[in-house]
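Summary of structural features
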Amino acid sequence: MGPGTRIVVYGAAGGLGQIMAAWARHLGALVVGVVSRAESVERARAAGCNEAFVFDAATLADQVKEATQGHKADVVYDPIGRVTLEASRVSSTSWPSISMRPFASASSKTVGS
């Protein structure tokens, strides 16, 4: 993580997401935040996200590509899990760069099953 790294942070307006966004931005990364509600977009930007979007699986990959000037994310921090997995995969340059801690939508047993 450093200058030029492109990272997508799910839950960017929540506690951990705000920490991740601020940390990544401090290290020079371009930070794309993903939130669950329109009211959270400004909070994510205030936390350090260069761009922030309300999650929509159908449009997220295109939004990330636009925000990263035609690239995909180098890193995806996805603490949500099952409902965001495919959008995370298509938003990333490489599958192994996705960090998942399935707190919100799935138990550890169901992710990857």
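Refer to the preceding data block for the structure.
The following paragraphs examine the structure supplied in this document. (Residues numbered from 1 in each chain as written. Predicted model: local features only at pLDDT ≥ 70, side-chain atom pairs only at ≥ 80, totals over all residues. Heavy atoms only, no water.)

Quick look at the environment of Leu-27
Worth spelling out the cut-off: Segments assigned H or I by DSSP are reported as helices when at least four residues long, segments assigned E as strands when at least two residues long, and all are numbered from the N terminus. Residues count as neighbours in contact if any of their non-hydrogen atoms are within 4.5 Å of one another.
Within the element layout of this structure, Leu-27 appears in the loop between α1 (15-26) and β2 (30-35). C-alpha separation for the pair Leu-27 and Met-1, spaced 26 residues apart in sequence, amounts to 6.7 Å. Sequence-distant contacts of Leu-27, defined by excluding residues within four places in its chain, comprise Met-1, Gly-2 and Pro-3.

Some words on the pattern of salt bridges
The condition that has to hold: Salt bridges, as used here, are contacts in which a Lys or Arg side-chain nitrogen is within 4 Å of a carboxyl oxygen on Asp or Glu. Think of it in three bands: with a 1.4 Å probe and only protein chains considered, a residue is buried below 20% of the maximum accessible area for its type, exposed above 50%, and partly exposed in between.
According to the stated counting rule, one finds four salt bridges in the structure shown. Linking Glu-39 and Arg-37 is a salt bridge whose minimum nitrogen-to-oxygen distance equals 3.5 Å. Accessibility expressed as a relative area gives 61% for Glu-39, which makes it exposed. Looking at Arg-37, the relative accessible area reads 46%, which means it is partly exposed. Notably, a salt bridge pairs Arg-45 with Glu-42, separated by 3.2 Å at the nearest N-O pair. Placement of both Arg-45 and Glu-42 in helix α2 (residues 41-47) is noted, with a separation of three residues, approximately one turn of the helix. Linked through salt bridges whose partners overlap, the residues forming this network are Glu-42, Arg-45 and Glu-51.

A few points about the nonpolar core
What counts here: By convention a nonpolar core is built from buried Ala, Val, Leu, Ile, Met, Phe, Trp, Tyr and Cys residues, the set being connected through side-chain atoms within 4.5 Å.
Ranked by size, the top nonpolar core spans 15 residues in total, and within it Ile-7, Val-9, Ala-12, Val-31, Val-35, Ala-44 and Cys-49 carry the most contacts. Of all the elements, α1 adds the most residues to this core, at three residues. Filtering out sequence-adjacent residues up to four positions away, Ile-7 remains in contact with Met-1, Met-20, Ala-24, Ala-29, Leu-30, Val-31, Val-32 and Val-75. Membership of the second largest hydrophobic core comes to 10 residues, among which are Val-32, Val-34, Val-64 and Val-76.

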